[in-house]
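# A structural walkthrough
Residues per chain, in single letters:
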Amino acid sequence: MERGKFKVSTFKIVSFLLYIITIFTVDEGYFPKYNYLKYFCIVVIAVYLLANYRFFMTRRNRTLNRAIIVFCLFSIAASYLRRDEIIIRDPFLSAIVFMATLAETFFFLEVAAEKERIGEIITQFYRFTLFCAIVVDIAAIFIPGLKSSYGNYLCGTKFSVSYLHIILIALYMSKEWLNQDRKDKRYIALIIMSVWAIWISRYVNCNTGMIGAVLLFVAFMISEKIKTWLCSLKTMIIFTLVPALFYFFYEFILLNSTVQNIVVGTLGRELTLTGRTIIYDKLPSVFASHFWTGYGYGTTYEVTKRYIGFADTQNCWTEWMMMVGIVGVVLLAFVLIIVFKIINTMKPHRGFPIVAIICIFFIMGCVEITMGISFFCLVSILYGIETEKG
């Protein structure tokens, strides 16, 4: 019995360590040694995975794991080649840390699926996120001097604050969805959390997050009508392509009078989308010299500042294009497609809440950087739900 308790405790501790390097990360201004904590977590998680390798090195995970390993190794190699071109950040080290975190996230969720503990992970992550969202909001509202002193909110930028609340909604709905009971309570909580997410997004001036929260709320309110359509490979591929299509056709989209009214009238923004169209115009020339392998992981800030004058590419796919080139983008897309391919086998649409937030992240990714480690954590949770034995 004691041995069983120790295993459960170990699993929860490791899941907590994974959480603090994926879903909730503390801004380095508040915690300058955060990177050292991240390295520690990566090592501990790696030790746990080595001890449980038989749970994720299974035949059904083989294709995905091979694709992840190839993508990670390529990204690390591409970053190594560009290490002398970047001054502010070491792309080689950054790539190793991020890719190790990405791989461990998928491998750990595969272990959880094999042990039939995905529901436990989702519940634990929901509770952590609820606590973190409350702490972040208290600090932002009642101690506004912190942002002035440190330059960011406790969990990072305004986007990090807003996305944390959107993830909270999805984790709560996923927890309740898997339980399949107390639907009246579920929707009351959904309304409260959605209003909360919209309000805090408005408070930190994050229009993208506000739109995302509204869209996620609508998706859950009409879930019975759209769950079969949304939980399909074709639909997920369409949503995956939406940010890329927006980048290529944004000029035609912004010529639409309805879109103009929403951007200018409702959101109070310029038709340049706060400079995004300027970035999109200049990106092809920046991509040209590093088309195949990119500039290396974590280099976007320096490269876009140097050549365009902005902090990033303002699109989730162009961000990855900047870092790992077209080859890396294709490899990453292949990883996502492998996960999405299994959606049709879910019974009865068990992963709908996570599918919904992934689609919302793709929509927001048209004009923001949404495909970070928290996004991939959500994708790995979806894969765990899809492949869980129970």
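Below or above, wherever it landed, is the structure these notes cover. On a predicted model such as this, the values are computed, not experimentally measured, just so you know. (Residues numbered from 1 in each chain as written. Predicted model: local features only at pLDDT ≥ 70, side-chain atom pairs only at ≥ 80, totals over all residues. Heavy atoms only, no water.)

## A word on the packing of helix H4 (residues 62–81) against helix H5 (residues 91–114)
Our working rule: Inter-axis angles, ranging from 0 to 180 degrees, are taken between N-to-C directions of lines fitted to C-alpha atoms, where helices are fitted over the stretch in contact. Strands are runs of DSSP state E lasting at least 2 residues, helices are runs of H or I lasting at least 4, and numbering of each runs from the N terminus. Small angles under 35 degrees read as roughly parallel and large ones over 145 as roughly antiparallel, with 65 to 115 read as roughly perpendicular and the rest as oblique. Residue contacts are defined here by distance: any two heavy atoms, one from each residue, within 4.5 Å place the two residues in contact. Put simply, Ala, Val, Leu, Ile, Met, Phe, Trp, Tyr, Cys and Pro go in the nonpolar bin, Asp, Glu, Lys and Arg in the charged bin, and everything else, Gly too, in the polar bin.
For the pair H4 and H5, interaxial distance at closest approach is 8 Å and the crossing angle is 170°. Judged by the inter-axis angle, H4 sits roughly antiparallel to H5. Counting all contacts with H4, which are made through Leu 64, Asn 65, Ile 68, Ile 69, Phe 71, Cys 72, Ser 75, Ile 76, Ser 79 and Tyr 80, the residues of H5 involved are Pro 91, Phe 92, Ala 95, Ile 96, Met 99, Leu 102, Ala 103, Phe 106, Phe 107 and Glu 110. Of the residues in the contact of H4 with H5, the class split is 16 nonpolar, three polar and one charged.

## Here's the deal with H4
Put simply, the rule reads: Helix span, as expected, comes to 1.5 Å for every residue beyond the first. Only protein chains enter the area calculation, which uses a 1.4 Å probe; residues under 20% of their type maximum are buried, those over 50% are exposed, and those in between are partly exposed.
For H4, which comprises 20 residues, the first-to-last C-alpha distance of 29 Å matches the rise-based estimate of 28 Å (1.5 Å per residue) to within 8%. Turning to H4, its buried residues number three or more, namely Leu 64, Asn 65, Ala 67, Ile 68, Phe 71, Cys 72, Phe 74, Ser 75, Ile 76, Ala 78 and Ser 79. Its buried side turned inward, H4 meets helix H3 (53–56), H5, helix H16 (316–341) and helix H18 (373–387).

## Considering unusual backbone geometry
At Glu 116, a position not held by glycine, the phi torsion is positive, near 60°. With respect to the element layout, Glu 116 can be found in the loop between H5 and helix H6 (118–142). The exposure class of Glu 116 is partly exposed, given its relative accessible area of 47%. One non-glycine residue, Asn 205, lies in positive phi territory at about 65°. A relative accessible area of 41% places Asn 205 in the partly exposed class.

## Thoughts on the packing of aromatic side chains
For the record, the criterion: In this analysis, rings of Phe, Tyr and Trp, with Trp reduced to its six-membered ring, are considered paired at centre separations within 6.5 Å, and the interplanar angle assigns stacked below 30 degrees, edge-to-face beyond 60, and tilted for intermediate values. Lysine NZ or arginine CZ positioned within 6 Å of the ring centre and within 35 degrees of the ring normal marks a charge as sitting over the ring.
Within this structure, the stated rule accounts for 31 aromatic pairs. With centroids separated by 6.3 Å and ring planes inclined at 85°, the aromatic side chains of Phe 246 and Tyr 280 adopt a geometry described as edge-to-face. Taken together, the residues Phe 246 in helix H12 (residues 233–254) and Tyr 280 in helix H14 (residues 276–288) connect sequence positions 34 residues apart. As far as burial versus exposure is concerned, Phe 246 and Tyr 280 are alike and both buried. Each residue in the set Phe 71, Phe 98, Phe 159, Tyr 163, Tyr 297, Trp 320, Phe 361, Phe 362, Phe 375 and Phe 376 is aromatic and connected to the rest through ring pairs, giving one cluster. The positively charged end of Lys 115 is found above the aromatic ring belonging to Phe 55, 4.9 Å away from the centroid. The lysine or arginine in question, Arg 117, covers the ring of Phe 11, its NZ or CZ lying 4.0 Å from the ring centre.

## Let's talk about the nonpolar core
As a reminder, the rule being used: Definition of nonpolar core: a set of buried residues of the types Ala, Val, Leu, Ile, Met, Phe, Trp, Tyr and Cys, connected through side-chain atoms within 4.5 Å.
In terms of nonpolar packing, the biggest core is built from 132 residues, with Trp 320, Ile 358, Met 371 and Phe 376 touching the most fellow members. Dropping the residues within four chain positions of it, Ile 358 is found in contact with Met 236, Phe 340, Phe 375, Leu 378, Val 379 and Leu 382.

## Notes on the state of the cysteines
The line we're drawing: Disulfides are defined as pairs of cysteine sulfur atoms found within 2.5 Å of each other.
Summed over all chains, the structure comprises zero disulfides. Cys 72 carries a free sulfur, and the closest cysteine sulfur to it, the one in Cys 377, is 14 Å from it. A relative accessible area of 7% means that Cys 72 is categorised as buried. There is no disulfide at Cys 359, and the cysteine sulfur nearest it, in Cys 231, is 8.3 Å away. Residue classification places Cys 359 among the buried residues on the basis of a relative accessible area of 2%.

## Brief notes about the environment of Met 323
By the element assignment, Met 323 lies in helix H16. Taking C-alpha positions, Met 323 is 31 Å from Tyr 126, a pair spaced 197 residues apart along the chain. Once residues lying within four places of it in the same chain are set aside, the contact partners of Met 323 are Thr 293, Gly 294, Tyr 295, Gly 296, Tyr 297, Gly 298 and Thr 300.

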